[in-house]
Every structure is written in structure tokens, then in C-alpha cells.
Amino acid sequence: MKHSNWTTPADIREQLAKRWRKGELLRATHQPDTLFPLRLSLKKPAPGELVEQFDAARNWINHWQTAASQDLELEWQTVNNRQLGRNSLPVAVVLPTLEAALRQIGQLNAARQYQSLTGEISHQFPELADWCQLKPLTVLAQQHEWETLLAILVWMAANPRPGIYVRQLEIPCVHTKFIERNRGLLSELLDRVLPEHAIDASVSGARHFEQRYGFLRRPVRLRLRFLDKAQDISGLRDIEIPVDQFQTLSLPVDTVYIVENDVTALAFPDTPSSIVIFGQGYGIGKQLANASWLKEKNVMYWGDIDTHGFRILNQLRDAIPNSRSLLMDVATLRAHQHLWGIEPSPHIGELSNLTEHEQAVYQMLSTLESGKNLRLEQEQISFAALQEM
């Protein structure tokens, strides 16, 4: 009967499999002598177990003798036992070569494929040789995609910062969806292949792929409603336009409202010489930063009465210092006490752009009820409160 702690050939194969999953064995294809011969210790029967479980120990030894081969050498140790006398026990296995280890786990062909791919990749792009050693499992996992990946790298190296949409790429056998699906991997490769001046280092990550490598991006759009029928555009009161176009509009209005809730923006009452902008959370300040004409308008922000609502307001004031808050005051908060909720992940920190009254509300959110951060969502505020403004 096998003792649960005694190492078996299956245990050794699992140890080798773990080294494979970590990429160690594939990396060793570049310098096998750094890892091989590989010695792996065995957990063998203790002296007391030899006596108490003699038959099981003998079977364990015989099992290892059977398993020994040219690829799996055994290291023996002679032990003395008062009852059993001198006995030889296997204490370690030695895998003399990388090929021997790979055969144990059935990965010899995969390792050869990796070597072939690494040679091809490094031949076209020597600067990727180190990356292939760093990410051997990725190289192997993408074995059927390298022809396409290399075609993209070749084109990008010849056309840095192309200034077109990814959809416009004309590379044989390369589909737009392939690039979109592999942005993360392509980013790793392009960072090593392209010259420094061809990479926008101010952004990173798959989400900013286009900006980082000089492709055109889908424009961010801003939605707004004209609250004055006399100022609509050819009868259009609800429009959505690219942010960069909004920045140059310079609309002839007096007041600009920014609200976070879409339905609130749709239901916003008619107001002379005014528009309402559909807010976009933390992105709104950045989107309006270059709309210099807003600095001459009466800009009103209406968000949730919670820490994140005030943080968005705080950021908006970096772009539009003259902006003011709407219905984010103590009176509104107290008038809707029955609708207070708890903010699950409050912002903690100083908001230096808030007014004294706004700071008071911001602080109240965490002090009105001990251990809780209160919130009042915008859509829960009585619409009559807005109509009375």
C-alpha cells in the first residue's frame, strides 16, 4: 500500500508540469545547461515506516526501479536499520537533459515548435528575442497567429503613427477584428519594435491602443438639449456631436446646465437662453476643458449628493472655475431624508475646489450617521425642487 507522503513518478511528472506552466522548461531551451542535469528529491519512507510498512516500502522501491530509465536516473542512499539491516533507498531522480524532462510530460514537440517560432520571430525582429524568452508560453499559445502578428509589425514598422482608423488598414490576411482582439499582445510587441518617437508614452493599455500608436480614434461625443425653443438648430433640440466640435461652437446662450441623469436632462424644463448637457461622470471636466467659451457662461452642475458627485464637481472646476452647483446643498439633502441611501465605495480625500457650503455638505455625508457615508441620488430629488429654482 502506497504511503501518501512518498514521492511517486506521477508526483515527479507534476513537478515538471508546474515548471512547464511557469515557462521554466521553455526558457531552458535557450540555455539548457543552466537547469540540467535537474535533480529532484524524493520523499522516501522514514526508518519507522520501513519497519511498520515494509511491504509497502518494498513495493515503492520496486516501482521506482521499474520507472528508472535513460531519461530518469535514480540516486540511491544506503541506510542502516537495527531490525532490517542495510537497505538502499532512492532519494532523488536526476533528469540528465531538457529533452528527458520534456519527454516525461509529453511536451517535446511543443518545445521544438517554440524554438522554431522564436527563431522566426527573432530573425524578423531581433528586438523581440528577449521578449520571446520572457513570454515563452505566450509565444507558443499564439503559434497559429504569428504570421498575422508579424505582418502587422512589419507594416507598423514601415508606417509609424499612420493617422488612419484601424479599420482602414490594408494588410493582406489581416482583419480589423484580429487587431481589436489582440490589442494587449500587439501593444507588448509594438513597444519593442517601434522607435520611441512613434509611441505616445502618455497613455498605455489596450484601451488606448489607437492613441498610443498613432491611429485615429472614434470621437468622444457629447449630447445636449436646447431648453429654449427659439435657439434650436433647424428644429432640432436634442443633438449629439463630437466633443471637439462642441468646444468650438460658442453657442449664444446665457446658462449651461450639466446633469448626470439622462431622464432628468430629457425632462429638464424649458428655460430661456439655456442648454442642458448630458453629463458623463468623471469624464465631463476633461471633455469641456477646451471649450473656452463656457468660461463666459453661467455653468450649473447637478449631480448626486454623495462623495463622488462632489468629486466630479471638484474636477469640473479645474476646467471651468466659474461653474456652480445646483441642488447639492444642505436644504435639499435634509428635505429628502427619507430617501437617503448608503454609498458603498465613498471617495475619501480633500476636495479643494468646493465652496464653503459645498464643503459642509461633503463633510455631513460621513458625519450625520456614524460609520456610514450617506448619499442622495439625483433621480430621487423631487422634480418640483428643480422647477422652483
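Whatever comes next refers back to the structure up there.
Residues numbered from 1 in each chain as written. Predicted model: local features only at pLDDT ≥ 70, side-chain atom pairs only at ≥ 80, totals over all residues. Heavy atoms only, no water.

Draft legend 1. Main features of the overall build of the chain. Regarding its fold elements, the chain presents 19 helices and eleven strands. Computed over the C-alpha atoms, the radius of gyration of the chain is 34 Å, more than 25% above the 21 Å expected from 2.2 N^0.38 for a compact globule of 389 residues. Here the C-alpha coordinates of the chain stretch approximately 105 × 60 × 30 Å along the principal axes. Buried residues in the chain amount to 45% of all 389 residues. A separation threshold of at least 6 residues defines the contact pool for the chain, and within that pool the share at least 24 residues apart is 66%. Put simply, the chain shows about 21,000 Å² of open surface, and 48% of that area lies on carbon and sulfur atoms. Here the chain carries 40 positive and 45 negative side-chain charges, and the mean point of each set is 7 Å from the other. (Helix = DSSP H or I, 4+ residues; strand = E, 2+ residues; numbered from the N terminus. Rg over C-alpha atoms; globule rule 2.2 N^0.38 Å. Buried < 20%, exposed > 50% of the residue type's maximum accessible area, 1.4 Å probe, protein only. Contact = heavy atoms within 4.5 Å. Areas by Shrake-Rupley, 256 points an atom, 1.4 Å probe, with all protein chains shown as cover. Lys, Arg positive; Asp, Glu negative; His and termini not counted. Charge placed at Lys NZ, Arg CZ, Asp CG, Glu CD.)

Draft legend 2. Structural detail: the packing of aromatic side chains. Inspection of every chain in the model, using the stated rule, returns seven aromatic pairs. A centroid spacing of 6.0 Å and a plane angle of 15° characterise the contact between Phe209 and Phe215, whose relative ring orientation is stacked. With relative accessibility at 2%, the residue Phe209 sits in the buried group. Classification of Phe215 as buried rests on a relative accessible area of 6%. Aromatic pair Phe246 and Trp293: ring centres 5.3 Å apart, planes at 55°, arrangement tilted. Here Phe246 is found in helix α13 (residues 243-246), whereas its partner Trp293 is found in the loop between α15 (284-288) and β8 (298-302), with 47 residues between them in sequence. In this structure, Phe246 and Trp293 share a single accessibility class: buried. Ring-pair connections join several aromatic residues into one group, and the members of that group are Phe209, Tyr213 and Phe215. Sitting over the face of the ring of Phe278, Arg223 holds its NZ or CZ atom 4.2 Å from the ring centroid. (Phe/Tyr/Trp six-rings, centres within 6.5 Å; stacked < 30°, edge-to-face > 60°. Lys NZ or Arg CZ within 6 Å of the ring centre and 35° of its normal.)

Draft legend 3. View of the nonpolar core. Trp20 and Trp146 are the most contacted members of the largest nonpolar core, which has 62 residues in total. Excluding residues that lie within four positions of it along the chain, Trp20 makes contacts with Leu25, Leu26, Leu102, Ile105, Gln107, Ala110, Ala111, Leu137 and Leu140. Counting residues in each nonpolar core, the second largest holds 52 residues, with Ile320, Met364, Leu365 and Leu386 among its members. (Core = buried A, V, L, I, M, F, W, Y, C linked by side-chain atoms within 4.5 Å.)

Any link to function would need more than the numbers given here.
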